Amino acid sequence: MLRDGKIVETRGDRIYWLDSSKQGGIGIEFDELLHKIDGLRDELRKTVFLPVHSTEIQVACYSPGTFYKKHTDNGSRFVLKNGTAERILAVIYYLNLEYKREDGGCLRLYLPSNQDQLKEEGKERWIDIEPLGDRLLMFFSELEHEVLHTQSERWA
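Residues numbered from 1 in each chain as written. Predicted model: local features only at pLDDT ≥ 70, side-chain atom pairs only at ≥ 80, totals over all residues. Heavy atoms only, no water.

**Comments concerning unusual backbone geometry**
Phase 1 of the analysis: A positive phi angle, close to 70°, is found at D134, a residue other than glycine.
Phase 2 of the analysis: Take D134: it is sitting in the loop between β8 (126-129) and β9 (136-140). (Helix = DSSP H or I, 4+ residues; strand = E, 2+ residues; numbered from the N terminus.)

Quick look at the structure:
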């Protein structure tokens, strides 16, 4: 990212995109996880009427010292011509079974209540969520969030 004529590092993770329609060959446990994520999407569409019709699967690996600056998951790349967001939900499944607090890499999720007023006063409210293995986290993709610096390898 270029800001004020200087290159600013936004993220340090390595990412891999998976296609849930081409399951097989990745590993039986991973294929089962992809199937469950698709099932969750379908259930949310049926029960709470969220207009979610597709799933994008991204695997992210954060090496020690890496991070991802504050952002949303429905930036301009994900806005449809009618102005609605293509990405509605962010769902994160953490794979860090040996995680310890000192490993860092928490997800900082910025709280939306009175956010504009809080920004004007220079006060933001957030919650830090540890990337514990086998934890599933779901939030609206319009919420600002970031991954704090990690001290050991972290997978999501």
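**Comments concerning the nonpolar core**
Phase 1 of the analysis: Core analysis: the biggest nonpolar cluster contains 14 residues, and I92, Y94, L107, L137 and F139 have the highest contact counts within it.
Phase 2 of the analysis: Broken down by secondary-structure element, the contributors of at least two residues to this core are β4 (57-62), β6 (89-93), β7 (107-110) and β9.
Phase 3 of the analysis: When near neighbours in sequence (up to four residues on either side) are disregarded, I92 contacts L107, R135, L136, L137, F139 and A156. (Core = buried A, V, L, I, M, F, W, Y, C linked by side-chain atoms within 4.5 Å. Buried < 20%, exposed > 50% of the residue type's maximum accessible area, 1.4 Å probe, protein only. Contact = heavy atoms within 4.5 Å.)

**With respect to the environment of Q151**
Phase 1 of the analysis: As for its position among the elements, Q151 is in the loop between β10 (145-147) and β11 (154-155).
Phase 2 of the analysis: For Q151, a relative accessible area of 53% corresponds to the exposed category.
Phase 3 of the analysis: Linking Q151 and G65, residues 86 residues apart in sequence, is a C-alpha distance of 5.8 Å.
Phase 4 of the analysis: If sequence neighbours within four positions are ignored, Q151 has contacts with P64, E102 and D103.

**A short note on the pattern of salt bridges**
When the charged atoms of two side chains with opposite charge come close together, those side chains can pair.
Phase 1 of the analysis: This model, assessed by the stated rule, comprises eight salt bridges.
Phase 2 of the analysis: Between R11 and D13 there is a salt bridge, with the nearest N and O atoms lying 2.7 Å from each other.
Phase 3 of the analysis: Exposure remark for R11: the relative accessible area of 28% places this residue in the partly exposed category.
Phase 4 of the analysis: Here R41 ties to D38 by a salt bridge, and the two come within 3.3 Å at their closest N and O atoms. With a gap of three residues between them, R41 and D38 both fall in helix α1 (residues 28-47), about one helical turn apart. Judged on exposure class, the residue R41 and its partner D38 are both buried.
Phase 5 of the analysis: A single network of salt bridges, built from pairs that share partners, joins D38, R41, D42 and R45. (Salt bridge = Lys/Arg side-chain N within 4 Å of Asp/Glu carboxyl O.)

**Looking at the sheet that holds β11**
Phase 1 of the analysis: Taken together, the three strands give an open sheet; going across it, the order is β3-β4-β11, and neighbouring strands pair in antiparallel fashion. The open sheet has two free edges, formed respectively by β3 (14-18) and β11, since each of these has just one partner strand.
Phase 2 of the analysis: In the sheet, β4 pairs with β11 via two bridges, with the strands oriented antiparallel. Counterpart to C61 in the pairing with β11 is W155. (Pairing = 2+ DSSP bridges.)

**Overview of the packing of aromatic side chains**
Phase 1 of the analysis: Across all of its chains, the model carries one aromatic pair by this definition.
Phase 2 of the analysis: Ring geometry for Y110 and W126: centres 6.0 Å apart, planes at 65°, overall edge-to-face. Taken as a pair, Y110 in strand β7 and W126 in strand β8 lie far apart in primary sequence, 16 residues in all.
Phase 3 of the analysis: The exposure class of Y110 is buried, given its relative accessible area of 4%.
Phase 4 of the analysis: For the cation-ring pair, K69 lies above F67, with the distance from its terminal atom to the ring centre recorded as 5.3 Å.
Phase 5 of the analysis: Taking NZ or CZ as reference, K70 lies 4.2 Å from the ring centre of Y110, over its face. (Phe/Tyr/Trp six-rings, centres within 6.5 Å; stacked < 30°, edge-to-face > 60°. Lys NZ or Arg CZ within 6 Å of the ring centre and 35° of its normal.)

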